[in-house]
Structure formats: C-alpha cells, structure tokens
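# Breakdown of the fold
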Amino acid sequence: MVKSVRKVDLEKLFGGLQNQLAAVLQSGRDAFSHPGAKGAVTEDAWRQLLSDYLPTRYQVRKGFVIDHKGRCSDEIDILVIDRHYSPFLLTLGTGLYVPAESVYAAFEVKQTLNVENLDYASDKIESVRKLFRTSAPIVNMGKTSKPRRKFPILGGILTTSSDWSPAFGKSFSKHLKKSDRFRKIDIGFCMDAGGFELVARARPQDRMKVFTGDNSLVVFLLSLLNRLQSLGTVPAIKFDRYLSSID
C-alpha cells in the first residue's frame, strides 16, 4: 500500500518565511537614527538576506566591477556574482573588484524610493552594464562549445519607504519605463509598499508587475530567483584579454 503524501499549507509556510525576512530587514531599519549608519546597516541586512536565500551558485558582495580594458564601475551596494566560475576577486584597500563577466545582477540600496534615488540607481546600474564582457569557448570533457551569449545584467533597487503615493502608481511606472536598456531597473522592493518587476513582452514597452500584501517580500525573492535562473550561467572569461592589459 502506497503511503499518502503529506501536505503542507504553503500560504502559512510562506507567511512564516515572510515574517523571518521582514524581521531581518526591520532590525537594520530600527538600529540607528543617523542616516549614514542606518543606510550601512540596511545594506548589510539586504546582503545577508540574499546570501542566506539565494542558491550557493551565487555570492552577494559589495564592490566595483572592472573589465579587461581597465574601465571601472561605480561602487555597487549589492552585486550578485558567480561563485563557481569567477576566477578572481581583487581586493585593494577596502574595495573589492570583480570582473564584469562574473556579474548576474547589480542592486542599489536607498532609504527612500523617489525620482532622485531611482535615477541614482540607474546611473549605478549603467556604469556596470556599459563595461565590456568577454566570452570564451567552453571546453567540457574534451569537447569545445561556442562562447555563451552574454545576457543582460539585471538591475534593481531596494528601499525602505516611498515618496510616491501610491508607491507603484502611474507616475512611478512612467518614470521607470522611460529608461533605456543600460539604465533600466528590472526589479525592486520597498519595505513599506511591496515590490515590482518589469517583464519584457512582444510590444516595445515592458509590462510592470506589482506585488503587495503580506507575502510581498517572498514574492520578490521568488521573482528574483526566477530572473536569475533564466539567465543561465555567466560567460567564460577570455583570460588572454586580461593578460594583455598587464603586459
């Protein structure tokens, strides 16, 4: 006789996860009143949260992104980078430098969601996306495959509150969608309001999905996981390009 499969209440299970995630972020929000200190703690809380819940193939760091031509991005609050195929992470002083080929996503963390911070996040993301990424042929078990196609790096923003009312209304949507492919913010979350995601479609304009309510943080996390999964694996680095910049 086959034993019946045990069932769980997914809504209740995800509700418990939502409370755990929210508690991590709230601890950073309540820790300090000074904006600089609060910002640093909030960044740490987001990095810790993503490190805990993203698969081990990814790692979450703060740092700069470089390419083989010697160009460098702005400092990025949260970089989601490859754990297995990233050949080097360079540390100079307190700064971490990551090759552009290793990057899946770049996030900016701010206290408030508004026009100024949205544009600031777009500037940061653009500084990463405009770097050059190499892509070498992949050798596996003696067989050589063509170089991987380079996927668009995800861009995101994470905030505590919003100056928009409603947070993800027409004004926000219009401002979000006017950015070009280098400055586009694909996904984001606001602790006080919920999250959003731009989803590509056949028409020229992307469609914005909004997730609010008790499980919005869980939905954001699952949406991010889905987007990262769809990217596949980072391209293999052409090491000779980096070597030529040293000679």
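All of these numbers come straight from a predicted model, not from anything done at the bench.

## Concerning the pattern of salt bridges
- Counted by the stated rule, this structure contains 12 salt bridges.
- A salt bridge links Glu-43 to Lys-62; the shortest N-O distance between them is 3.1 Å. On the criterion of sequence distance, the pair formed by Glu-43 in helix H2 (residues 35-53) and Lys-62 in strand S1 (residues 58-66) is long-range, its members being 19 residues apart.
- Through salt bridges with shared partners, a single ionic network connects Arg-129, Lys-184, Asp-186, Glu-197 and Arg-227.

## Brief notes about the nonpolar core
- Membership of the largest hydrophobic core comes to 26 residues, with the highest contact counts inside it found for Trp-46, Phe-220, Leu-224 and Leu-228.
- Mapped onto this core, the elements with two or more residues apiece are H2, S1, strand S2 (76-82), strand S5 (103-109), strand S9 (154-159), strand S11 (187-190) and helix H5 (216-231).
- Among the elements that take part in this core, H5 stands out by supplying six residues, more than any other.
- Dropping the residues within four chain positions of it, Leu-224 is found in contact with Leu-50, Leu-54, Phe-107, Leu-154 and Ile-187.
- With 15 residues, the next largest nonpolar core counts Ile-125, Ile-157, Leu-176 and Cys-190 among its residues.

## Focus on the packing of aromatic side chains
- Counted under the stated rule, the structure contains 10 aromatic pairs.
- Centroid distance Trp-46 to Phe-220: 6.0 Å. Interplanar angle 80°. Geometry classified as edge-to-face. Taken as a pair, Trp-46 in helix H2 and Phe-220 in helix H5 lie far apart in primary sequence, 174 residues in all.
- The class of Trp-46 is buried, set by a relative accessible area of 0%.
- Taken together, a centroid distance of 5.1 Å and an interplanar angle of 75° make the contact between Trp-164 and Phe-172 edge-to-face.
- Residue placement shows Lys-130 over the ring face of Phe-182; its charged tip is 5.2 Å from the ring centre.
- Between Arg-133 and the ring centre of Phe-151, over which it is positioned, the NZ or CZ distance is 5.6 Å.

## A word on the packing of helix H3 (residues 115-129) against helix H4 (residues 170-177)
- Two numbers describe how H3 lies on H4: the axes approach to 11 Å, and their chain directions differ by 25°. Regarding the angle of H3 to H4, the classification is roughly parallel. H3 and H4 meet at a crossing whose hand is right-handed. Contacts from Val-115, Leu-118 and Asp-119 of H3 reach H4 at Phe-172, His-175 and Leu-176.
- Tallied by class, residues from the contact of H3 with H4 come to four nonpolar, one polar and one charged.

## A short note on the sheet that holds S2
- Reading across the sheet, the nine strands line up as S3-S4-S1-S2-S5-S9-S11-S12-S13 and stay open at both edges, with mixed pairing between neighbours. The open sheet has two free edges, formed respectively by strand S3 (90-92) and strand S13 (207-211), since each of these has just one partner strand. With strand direction ignored, the average angle separating the axes of adjacent strands in the sheet is 35°.
- When S1 meets S2, the two strands line up antiparallel, connected through five bridges. Looking at the pairing, Gln-59 lines up with Ile-81 of S2.
- Along the sheet face, H3 touches S1, S2, S5 and S9 and points at about 150° away from the line of S9.

## Some remarks on a nonpolar patch on the surface
- Judged by side-chain polarity, Phe-239, Leu-243 and Ile-246 come together as a nonpolar surface patch covering roughly 340 Å² of accessible area.
- Position of Phe-239 relative to the elements: it lies in helix H6 (residues 239-246).

## What about the side chain of Asp-82?
- Position of Asp-82 among the secondary structure elements: in strand S2.
- Arg-57 is the oppositely charged side chain nearest to the buried, salt-bridge-free Asp-82, at an N-O distance of 5.0 Å.
- Not counting the four nearest positions on each side in its chain, Asp-82 is found in contact with Arg-57, Gln-59, Ser-102, Tyr-104 and Val-234.

## Things to note about H4
- Regarding H4, the residues found buried are Phe-172, Ser-173, His-175 and Leu-176. Projected down its long axis, H4 carries its buried residues within an arc of 165°, all on one side. Summarising the geometry of H4, the exposed residues directed more than 90 degrees from the buried face are Lys-170 and Lys-174.
- Where H4 is buried, its residues meet strand S6 (112-113), H3, strand S12 (194-199) and S13.

## Some remarks on unusual backbone geometry
- Omega for the peptide link from Ser-165 to Pro-166 comes to 0°, which places this bond in the cis form.
- Residue placement: Pro-166 occurs in the loop between strand S10 (161-162) and H4.

What counts, and where the lines are drawn
- Residues numbered from 1 in each chain as written.
- Predicted model: local features only at pLDDT ≥ 70, side-chain atom pairs only at ≥ 80, totals over all residues.
- Heavy atoms only, no water.
- Salt bridge = Lys/Arg side-chain N within 4 Å of Asp/Glu carboxyl O.
- Helix = DSSP H or I, 4+ residues; strand = E, 2+ residues; numbered from the N terminus.
- Core = buried A, V, L, I, M, F, W, Y, C linked by side-chain atoms within 4.5 Å.
- Buried < 20%, exposed > 50% of the residue type's maximum accessible area, 1.4 Å probe, protein only.
- Contact = heavy atoms within 4.5 Å.
- Phe/Tyr/Trp six-rings, centres within 6.5 Å; stacked < 30°, edge-to-face > 60°.
- Lys NZ or Arg CZ within 6 Å of the ring centre and 35° of its normal.
- Axes fitted to C-alpha atoms, helices over the stretch in contact; angles between N-to-C directions.
- Parallel < 35°, antiparallel > 145°, perpendicular 65-115°, else oblique.
- Left-handed = near helix turned anticlockwise from the far one by under 90°.
- Nonpolar A, V, L, I, M, F, W, Y, C, P; charged D, E, K, R; others polar.
- Pairing = 2+ DSSP bridges.
- Patch = residues over 30% accessible without salt bridge, like charges linked within 9 Å, V, L, I, M, F, W, Y side chains within 5 Å.
- Areas by Shrake-Rupley, 256 points an atom, 1.4 Å probe, with all protein chains shown as cover.
- Lys, Arg positive; Asp, Glu negative; His and termini not counted.
- Arc of directions from axis to C-beta.

Nothing here speaks to function; it is geometry throughout.
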